[in-house]
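# Structural characterization, general
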Amino acid sequence: MDLQYLLWLQGLRESLSGALDGFFLLVSQLGKAELPMAVTLIVYWCFSREVGQRLLFCLNGSDLFNNVLKLSCCVYRPWVRETALRPVEKALSTATGYSFPSGHSSKAGAFFGSLGIAGKKRRWVPWVCGVVILLVMFSRNYLGVHTPQDVLTGAAVGLLCAFLLPCLLRWTEKGQNRDLLAAGIGAALCGLSVWYVLAKSYPADLAADGSLLVDPVKMQKDFFLSAGAVLGMLAGWLLEGRKVRFTTDCGWGVKLLRLLFGLLIGFGGFYTLLRHWLQNALGTNFGALLGVALAMFYLVGLHPMLFTWVEKKFRHGTAAGAKG
């Protein structure tokens, strides 16, 4: 039934000569990792530290949970299961890993679900966020890269994290050393999930030429990226909460500098250059884990520490100059 639905959508795409492909490719980008994370960091550094932290926890937590489910269920992509399916070619670059659940739908549920909850005082915000989640879900079906159960489960994972993980953050703020306990449990769960992913068995179905139909090692990369993101986020969260506790009560010029240097160093330096170097040195999976962990530690903890220190020095220098 699910594959027949995708074949029907494929027929619709062909009857429209691909007229809507570009629109749904654009909608699908709303559930890709880079855009929600970039917006999350803008909120975190420039507008609301608390809302930014909630978005960080929900995005990274749902991504890890989703990837553990993917590697547990090992469901092949729709076009592997039904050779008559021909997904939109430009969508294949983001269709990595196994199929169930959908990572894009999970990220959309976590990110826009969190935004909807944070902005619930304005009644239109949850409605708009809900529509965006549904559009991202449908876009993955329309493009032919996910089944309905993939997107429904993925969105459910994201929304579950959007509701539960902010409660965890509030709990950590109401008692001494609760942050250490939460971070320790989170790191332990990451370690257990890495052991599980490496120890479990995977399907080894063969293609007609005798090669593996799907290489399970390649399917693990997204998981290692998400595990590294959670570990780095937890370390950065502890550093920021215990040593920094920055404020977003600053001018637009300061916010712009925070954003410019944060994205340049965090994404350009750590996430792109250092991660690729580590992948070459340590192998794709563990290099990805360590590279993303370092990038997330910088983005969440070290960058706020650095810009807080620089801004404090600048204010003191300006005050001293005014007195002189």
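What counts, and where the lines are drawn
- Residues numbered from 1 in each chain as written.
- Predicted model: local features only at pLDDT ≥ 70, side-chain atom pairs only at ≥ 80, totals over all residues.
- Heavy atoms only, no water.
- Core = buried A, V, L, I, M, F, W, Y, C linked by side-chain atoms within 4.5 Å.
- Buried < 20%, exposed > 50% of the residue type's maximum accessible area, 1.4 Å probe, protein only.
- Helix = DSSP H or I, 4+ residues; strand = E, 2+ residues; numbered from the N terminus.
- Contact = heavy atoms within 4.5 Å.
- 1 Å grid on protein atoms, 1.4 Å probe; cavity = no way out; pocket = protein on both sides within 12 Å on 5 of 7 lines; lining within 4 Å.
- Points joined across faces, edges and corners; volume = space filled by probe spheres on them.
- Nonpolar A, V, L, I, M, F, W, Y, C, P; charged D, E, K, R; others polar.
- Salt bridge = Lys/Arg side-chain N within 4 Å of Asp/Glu carboxyl O.
- Phe/Tyr/Trp six-rings, centres within 6.5 Å; stacked < 30°, edge-to-face > 60°.
- Lys NZ or Arg CZ within 6 Å of the ring centre and 35° of its normal.

A few words on the nonpolar core. Counting residues in hydrophobic clusters, the biggest one holds 63 residues, and the most contacted among them are Trp45, Leu56, Tyr98, Phe223 and Trp237. For this core, the secondary-structure elements that each account for two or more residues are helix H3 (34–47), helix H4 (49–73), helix H6 (103–118), helix H7 (124–142), helix H8 (148–172), helix H9 (178–199), helix H11 (221–244) and helix H13 (284–323). With 11 residues, the single largest contributor to this core is H11. Apart from the residues within four sequence positions on either side, Leu56 is in contact with Met37, Thr40, Leu41, Tyr44, Gly61, Met233, Met296 and Val300. Judged by nonpolar contacts, the second largest core, of 12 residues, contains Leu3, Phe24, Ala95 and Tyr142.

This brings us to empty space enclosed by the protein. Under the counting rule described, the total for this entry stands at two cavities of 30 Å³ or more. By volume, the largest cavity is sized at about 60 Å³. Taken together, Val51, Arg54, Ser114, Ile117, Ala118, Ala162 and Pro166 form the lining of the largest cavity. Breaking the lining of the largest cavity down by element, the ones donating at least two residues are H4, H6 and H8. Broken down by element, the residue count for the lining of the largest cavity peaks at three residues, all from H6. Residue classes in the lining of the largest cavity are distributed as five nonpolar, one polar and one charged. Estimates place the volume of the second largest cavity at around 30 Å³. In terms of lining residues, the second largest cavity is bounded by Asn67, Lys70, Leu71, Gly97, Tyr98, Met219, Asp222 and Phe223. When residues of the lining of the second largest cavity are traced back to their parent elements, those giving at least two are H4 and H11. It is H4 that provides the largest number of residues to the lining of the second largest cavity, a total of three residues. Along the lines of polarity and charge, the residues of the lining of the second largest cavity split into four nonpolar, two polar and two charged.

For the bond from Phe100 to Pro101, the omega torsion is -5 degrees, close enough to zero to count as cis. In this fold, Pro101 is placed in the loop between helix H5 (78–81) and H6. A positive phi angle is found at Asn177, which is not glycine, with a value near 65 degrees. Among the structural elements, Asn177 can be located in the loop between H8 and H9. For Arg245, which is not glycine, the phi torsion reads 50 degrees and is therefore positive. Along the chain, Arg245 turns up in the loop between H11 and helix H12 (252–282).

Our next topic: the layout of surface pockets. The calculated volume of the largest pocket comes to roughly 740 Å³. The wall of the largest pocket is formed by 33 residues, among which Ala33, Glu34, Lys107, Leu225 and Tyr271 lie closest to the centre. Secondary-structure elements contributing two or more residues to the lining of the largest pocket are H3, H4, H6, H11, H12 and H13. Residue composition of the lining of the largest pocket, grouped by class: 12 nonpolar, 12 polar and nine charged.

The next thing to look at is the pattern of salt bridges. Counting across every chain of the model gives seven salt bridges. In this structure, Glu50 engages Arg49 in a salt bridge whose closest nitrogen and oxygen atoms are separated by 3.3 Å. Taken together, the salt bridges that share partners define one network made up of Arg49, Glu50 and Glu240.

For the rest of this paragraph, the subject is the side chain of Ser106. Position of Ser106 relative to the elements: it lies in helix H6. Looking at Ser106, the relative accessible area reads 1%, which means it is buried. Contact partners of Ser106, with chain neighbours within four places excluded, come to Ser62, Asn66, Gly154, Ala155, Val157 and Gly158.

What follows is about the packing of aromatic side chains. Using the criterion set out here, one finds 13 aromatic pairs in the structure. Taking 4.9 Å as the distance between ring centres and 80 degrees as the angle between the ring planes, the aromatic pair formed by Phe111 and Phe112 counts as edge-to-face. Judged by its relative accessible area of 4%, Phe111 is buried. According to the relative accessible area criterion, Phe112 is buried, its value standing at 11%. Within the aromatic cluster, the residues linked to one another by ring pairs are Phe23, Phe24, Phe138 and Tyr142. The ring of Tyr202 has Lys200 sitting right over it, with the charged end atom 4.1 Å from the ring centre. One Lys or Arg, Lys255, reaches over the ring of Trp252 and ends 4.8 Å from the middle of that ring.

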